[in-house]
Amino acid sequence: MKLYNPQDVEQHAQNLWQEQQTFTVNQDSDKEKYYCLSMFPYPSGKLHMGHVRNYTLSEVIARFQKMQGKNVLHPIGYDAFGLPAENAAIQNKTAPAKWTYANMEDMSAQLKRLGFAYDWSRQLATCDPDYYRWEQWMFVRLFKEGLVYRKDATVNWDPVDQTVLANEQVIDGKGWRSGAEVIRKTIPQWFLKITDYAEELLASLDDMPGWPDSVKTMQKNWIGKSKGLEIDFEVPDFGDISVFTTRPDTLYGVSYMAVAPEHPLALQAAANNSELAEFLSQCSKEQSNEAAMATMEKKGMATGLTAIHPLTGEAIPVWVANFVLMSYGTGAVMAVPGHDERDHEFALKYDLPIKRVIAGDGDIEQAAETEHGILVNSGDYNGLNFDQAFERMQTYFEDKGIGRLQINFRLRDWGVSRQRYWGCPIPIIYCDKCGAQPVPEADLPVLLPEDVVFDETGGSPIKKMPEFYETQCPQCHGPAKRETDTFDTFMESSWYYARFTCPDYDQGMLSNEADHWLPVDQYIGGVEHAILHLLYARFYHKVLRDQGLVNSDEPFKRLLTQGMVLKDGAKMSKSKGNTVDPQALIDRYGADTVRLFSMFAAPPEQSLEWSDEGVEGASRYLNRLWHNIQEYIAAEYSVQPLNTDNLTPEQQQLRFKIHQTIAKVTDDIAERQHFNTAIAAMMELTNALSKFDDNSDNGVALRREGWLSLIKMLSPFAPHICQVLWEDMQQPGLIAEADWPVVDQAALVQDEVEMVVQVNGKLRAKIKVSADADQATVEKMAFAEDNVHRFVDGKTIRKVIVVPKKLVNVVVS
RNA sequence: GCCGGGGUGGCGGAAUUGGUAGACGCGCCGGAUUCAAAAUCCGGUUCCUUCACAGGAGUGAGAGUUCGAUUCUCUCCCUCGGCACCA
């Protein structure tokens, strides 16, 4: 009997796919299109288990859809620009390009070894000028449309290395290389107006049934639409400052105001107040990321200026506070310590007055009361509720011209400038006379020099290369300087899914093939991308639409967010040294085992705690399957057609199991996307088939039906072994191109069902009843059980609940 | 801190609509096979009481709704992901 040798089996199957170009697709097909995509990898070195999990998920769905008769596009490429290449460059003294291309080659070899059904002819890399030139082209176009602008923004500055640091490179407020205390620095940067699309990005979420609710909720909260009033406070000796508040009903409770350390009022006040200037300088050393802002100690200092309360005319002290964000609202807030927790904490610390202006009976000095309620201590507004007060305040301020209704978003415009080398150059030229000019279309792409040398500090080499940045102004042709910043790498990953439809098109960013394939039917990737990448891509898609390049509103119809692969409870990463190398497992067990185990270990949305032992089980299963089928083949039965009218009870039972499994596996893959339970069901069927040793004509025919259905269903998970078993069963063509098995509903009809009998909710007996038994019959049978008697006798029967085909519950007391 | 997940045997997990808690697999225990071992095959395996039949407890903790809660509600604990320059 033929032995199972995974390496040979896998080589054989992969050769067939390669020769027949099984997974190469084009749009000229009568079949319905299906676009299946997993988030492309950053080429960081070798594949890790997170990649294997991600790519096996899209693989199973792609192969399943192909067997459902679809024309499946399943591409792969590389998100090739990014920070790790620069770190590797410093460490290994190699140019980032060289390191990146070598990694891509390694990873492609591994992906091929895993037998993934990609259309390799569409492979792309975002660091390829043929890719990024279109990104530059689009940026220029958006520049002309006014969707791009330049403004000052904060970066982490390492004063020793004289370089900008990514958040990741700041450890406990210090530069990771120099160890120097990092400071906030403000420099001009380019922004995309994602806020112009905030309303639509939010509204579309309601019409995306294929996305998990958790992701939609996170995006909704991130966009953070809030309705409030913008109110102007007069500050003598400064001018007006506006504050945004969602709680105008608490206006009478304002006891101070707070502005961000970067606010013009703070800067003016600090000009002749050295103590305040020192405080602002302290604030500039604090981390500006949101988590740090929210957890740090709240600190403030009075500016000496006062604002005039617009309703009471009271003088309100204006403070500078380290927790007020210049980037949200107006950079200034009115503080109501009685009804806002943060304001309360701050008021206690600095001994500022706390007033109750919403009715309640708690001690307002002890804790803020943040719920809506009836206004008190609020002059003419006493007795109103939130909505009434909001409306009347709005009318009052609008009439006076010192306030207005304002819809604010938490979402900020997308800063796309990076002071990095390994990225797409921003196509802008600065001319002293003409200002910032976009690079003319004819001069695109602006090529990133790849032959560069990195110094220890990590500064971008192109910033020191006159041959790169010295140029001519496209307007006046005078001497000018090129922008040396590059794009955020999210720019590349925001449209790659569209470029996969026409990766070699050189007449434009996208060809008309984009509209054939888009939107992506199924997108799969790590849950860590739930907000940033997925929001930027949605935004970019709408921009592409408005530029006439695609005709859909959303890029991804259905989204599957996979959990992390953990080892010892933590995300696998090189720095933690807890990675599992899939290559060693492939060498030992073969690709099919690794794929099968990665799907079997946990449902995709959950994080997966890695265990080496489990892999052994997947390997054993494939061996068992192989031996069972080879044994069946070796017996050389003469197979007759199955006669379903004439089955023994055992045969009927097996056929029920076969078709129940087809129904279950189909539902698990297509609808529930719970691949672990699909595999468990197939294992159960394997166990049932291997125990079934009926050699009658019908028995043999039934076993054949079972084994063939099984290997078809298993083939998306373990395609190599299934292909060889398919051939050994004398089946024509490729199993990858076979039709998915179909449920015979007649096989699922059962005449008898098992029901559970409970007394007071506790299981006391099980009964077999005919499937169409009426309630009275079922009750009678339940009460006939001895064990039911034991718990019912001598008690009063209060109620009998019968759930058809499931259970009987007798309630006694 | 805020937003979103998760917590079930020794372990990974199952229970799809509120209806048998622990499917499937790992590990472990016993048996068969073997000179022996590995591999393989067969059986057992939540905990406690019991020779057995059976009974009791049990899904992070506590409360609630219900005939019935892993599932719904509330409070709390632990843990993972994200927080805009890691990708």
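Our subject in this report is the structure included herewith. Just so you know, these numbers come straight off a predicted model, no measurement behind them.

**A few points about the overall build of chain A**
Along the backbone of chain A there are 26 helices and 32 strands. Within the span of chain A, comprising 813 residues, buried residues form 54% of the whole. Residue pairs in contact within chain A that sit at least 24 positions apart in sequence constitute 71% of those at least 6 positions apart. Summing over all exposed atoms, chain A offers an accessible surface of approximately 36,100 Å²; the carbon and sulfur share of this is 47%.

**Describing the pattern of salt bridges**
Tallying each qualifying case throughout the model produces 34 salt bridges. For aspartate 521, the salt bridge goes to lysine 557, with nearest N and O atoms at 3.9 Å. Of this pair, aspartate 521 sits in strand β24 (residues 520-526) while lysine 557 sits in strand β25 (residues 556-562), placing them 36 residues apart in sequence. One salt bridge in this structure joins lysine 657 and glutamate 684, with 3.0 Å as the shortest N-O distance. Of the two residues, lysine 657 is situated in helix α21 (residues 649-672) and glutamate 684 in helix α22 (residues 675-691); the sequence distance between them amounts to 27 residues. Judged by relative accessible area, glutamate 684 falls into the partly exposed class, the value being 45%. A single network of salt bridges, built from pairs that share partners, joins Glu200, Arg538, Lys542, Arg545, Asp546, Asp553 and Glu554.

**Overview of the protein's contact with RNA strand B**
The local shell around RNA strand B holds 71 residues, among which Asn167, Arg418, Ala601, Lys664 and Asn809 are the closest. The protein-proximal atoms of RNA strand B, defined as those within 4 Å of the protein, are 61% sugar or phosphate. Between RNA strand B and the protein, one listed contact pairs a base nitrogen with a side-chain N or O atom of glutamine 419 at 2.9 Å. The side chain of aspartate 667 places a nitrogen or oxygen atom 3.5 Å from a base oxygen of RNA strand B. It is α22 that contributes the most residues to the surface near RNA strand B, 6 residues altogether.

**Digging into the packing of aromatic side chains**
Scanning the entire structure with this criterion turns up 34 aromatic pairs. A ring pair is formed by tyrosine 197 and phenylalanine 539, whose centres lie 5.4 Å apart and whose planes are at 75°; its orientation type is edge-to-face. Of the two residues, tyrosine 197 is situated in the loop between β9 (183-192) and α6 (198-204) and phenylalanine 539 in helix α17 (residues 532-546); the sequence distance between them amounts to 342 residues. Classification of tyrosine 197 as buried rests on a relative accessible area of 10%. Three or more aromatic residues joined by ring pairs form one cluster here, namely Phe40, Tyr496, Tyr497, Phe500, Tyr523 and Phe556. Against the face of phenylalanine 191 rests lysine 151, its NZ or CZ located 4.7 Å from the ring centre. Directly above the aromatic system of phenylalanine 468 lies the positively charged group of arginine 482, at a separation of 5.9 Å from the ring centroid.

**Re the nonpolar core**
Residues Phe139, Tyr497, Met509, Leu544, Leu714 and Phe717 are the most contacted members of the largest nonpolar core, which totals 173 residues. Looking at which element gives the most residues to this core, the answer is helix α2 (residues 49-67), with 9 residues. Once residues lying within four places of it in the same chain are set aside, the contact partners of phenylalanine 717 are Val60, Asp592, Arg595, Leu596, Met599, Ile669, Phe675, Ala678, Ile679 and Met682. Counting residues in hydrophobic clusters, the runner-up holds 37 residues, among them Leu251, Ala269, Ala270 and Cys283.

**Things to note about the environment of serine 493**
Here serine 493 lies in helix α14 (residues 490-493). Separated by 95 residues in the primary sequence, serine 493 and arginine 588 have C-alpha atoms spaced 35 Å apart. Every residue in contact with serine 493, bar those within four places of it in the chain, is listed here: Phe40, Asp79 and His533. Within the structure, serine 493 has its side chain in polar contact with the backbone oxygen of phenylalanine 490 (distance 3.4 Å).

**Comments concerning the side chain of threonine 593**
Considering the arrangement of structural elements, one finds threonine 593 in helix α19 (residues 591-600). On the basis of relative accessibility, which here comes to 0%, the residue threonine 593 falls in the buried class. Each residue touching threonine 593, except ones within four places of it in the same chain, is listed here: Val615, Ala618, Ser619 and Leu622.

**Comments concerning the pairing of strand β31 (residues 797-803)**
Bridging between β31 and strand β32 (residues 807-812) involves 6 bridges; their strand directions are antiparallel. From the neighbouring strand, isoleucine 797 faces β32, where its bridge partner is valine 812. Linking two consecutive strands that pair antiparallel, namely β31 and β32, is a turn of 3 residues; a positive phi of about 65° is found at lysine 805 within it.

**What about a negative patch on the surface?**
Where like charges cluster on the molecular surface, the negative patch consists of Asp751, Glu752, Asp772 and Asp774. Relative to the helices and strands, aspartate 772 resides in the loop between β30 (762-770) and α25 (775-783).

**What to know about the sheet that holds strand β2 (residues 71-73)**
As summarised here, the arrangement of the 4 strands in space is β2-β1-β24-β25, forming an open sheet in which the pairing is parallel. Each having just a single partner strand, β2 and β25 make up the two edges of the open sheet. When the angles between neighbouring strand axes are averaged without regard to direction, this sheet yields 20°. Strand direction decides the pairing type here: strand β1 (residues 33-38) and β24, joined by 3 bridges, are parallel.

**Describing the packing of α19 against helix α24 (residues 719-728)**
Interaxial distance between α19 and α24 falls to 7 Å at its minimum, and their mutual angle equals 120°. Considering the angle they form, α19 stands oblique to α24. When α19 is examined against α24, the residues Ala591, Asp592 and Arg595 are found in contact with a partner set consisting of Pro719, His720 and Ile721. Grouping the amino acids of the contact of α19 with α24 by side-chain chemistry returns 3 nonpolar, 1 polar and 2 charged.

**Topic: unusual backbone geometry**
Residues leucine 444 and proline 445 are joined by a peptide bond in cis, for which omega reads 0°. Along the chain, the position of proline 445 falls in the loop between β20 (435-438) and α13 (466-469). Each neighbour pair has its own omega, and for leucine 518 with proline 519 the value is 0°, a cis peptide bond. With respect to the helices and strands, proline 519 occurs in the loop between α16 (513-517) and β24.

**Considering the packing of helix α3 (residues 83-92) against helix α4 (residues 96-113)**
Interaxial distance between α3 and α4 falls to 8 Å at its minimum, and their mutual angle equals 110°. Taken as axis vectors, α3 and α4 run roughly perpendicular relative to one another. For the element pair α3 and α4, the recorded crossing hand is right-handed. Of α4, the residues touching α3 (which contributes Pro84, Ala85, Glu86, Ala88, Ala89 and Asn92) are Pro96, Trp99 and Thr100. When its residues are assigned to classes, the contact of α3 with α4 shows 6 nonpolar, 2 polar and 1 charged.

**What to know about helix α5 (residues 129-145)**
Helix length check: α5 (17 residues) gives 24 Å between terminal C-alpha atoms against 24 Å at 1.5 Å per residue, within 8%. Residues Tyr131, Tyr132, Trp134, Glu135, Gln136, Trp137, Met138, Phe139, Val140 and Leu142 constitute the buried set of α5. Sitting at the amino-terminal end of α5 is aspartate 128, which places a side-chain oxygen 2.9 Å from the backbone nitrogen of aspartate 130. Where α5 ends, the next residue or the one after it, glycine 146, has phi of about 85°, a positive value.

Rules and cut-offs
- Residues numbered from 1 in each chain as written.
- Chains lettered and ligands numbered in written order.
- Predicted model: local features only at pLDDT ≥ 70, side-chain atom pairs only at ≥ 80, totals over all residues.
- Heavy atoms only, no water.
- Helix = DSSP H or I, 4+ residues; strand = E, 2+ residues; numbered from the N terminus.
- Buried < 20%, exposed > 50% of the residue type's maximum accessible area, 1.4 Å probe, protein only.
- Contact = heavy atoms within 4.5 Å.
- Areas by Shrake-Rupley, 256 points an atom, 1.4 Å probe, with all protein chains shown as cover.
- Salt bridge = Lys/Arg side-chain N within 4 Å of Asp/Glu carboxyl O.
- Near = heavy atom within 4 Å.
- Polar contact = N/O pair within 3.5 Å; in protein donor to acceptor, adjacent residues only side chain to side chain.
- Phe/Tyr/Trp six-rings, centres within 6.5 Å; stacked < 30°, edge-to-face > 60°.
- Lys NZ or Arg CZ within 6 Å of the ring centre and 35° of its normal.
- Core = buried A, V, L, I, M, F, W, Y, C linked by side-chain atoms within 4.5 Å.
- Pairing = 2+ DSSP bridges.
- Patch = residues over 30% accessible without salt bridge, like charges linked within 9 Å, V, L, I, M, F, W, Y side chains within 5 Å.
- Lys, Arg positive; Asp, Glu negative; His and termini not counted.
- Charge placed at Lys NZ, Arg CZ, Asp CG, Glu CD.
- Axes fitted to C-alpha atoms, helices over the stretch in contact; angles between N-to-C directions.
- Parallel < 35°, antiparallel > 145°, perpendicular 65-115°, else oblique.
- Nonpolar A, V, L, I, M, F, W, Y, C, P; charged D, E, K, R; others polar.
- Left-handed = near helix turned anticlockwise from the far one by under 90°.
- Expected span 1.5 Å × (residues − 1).

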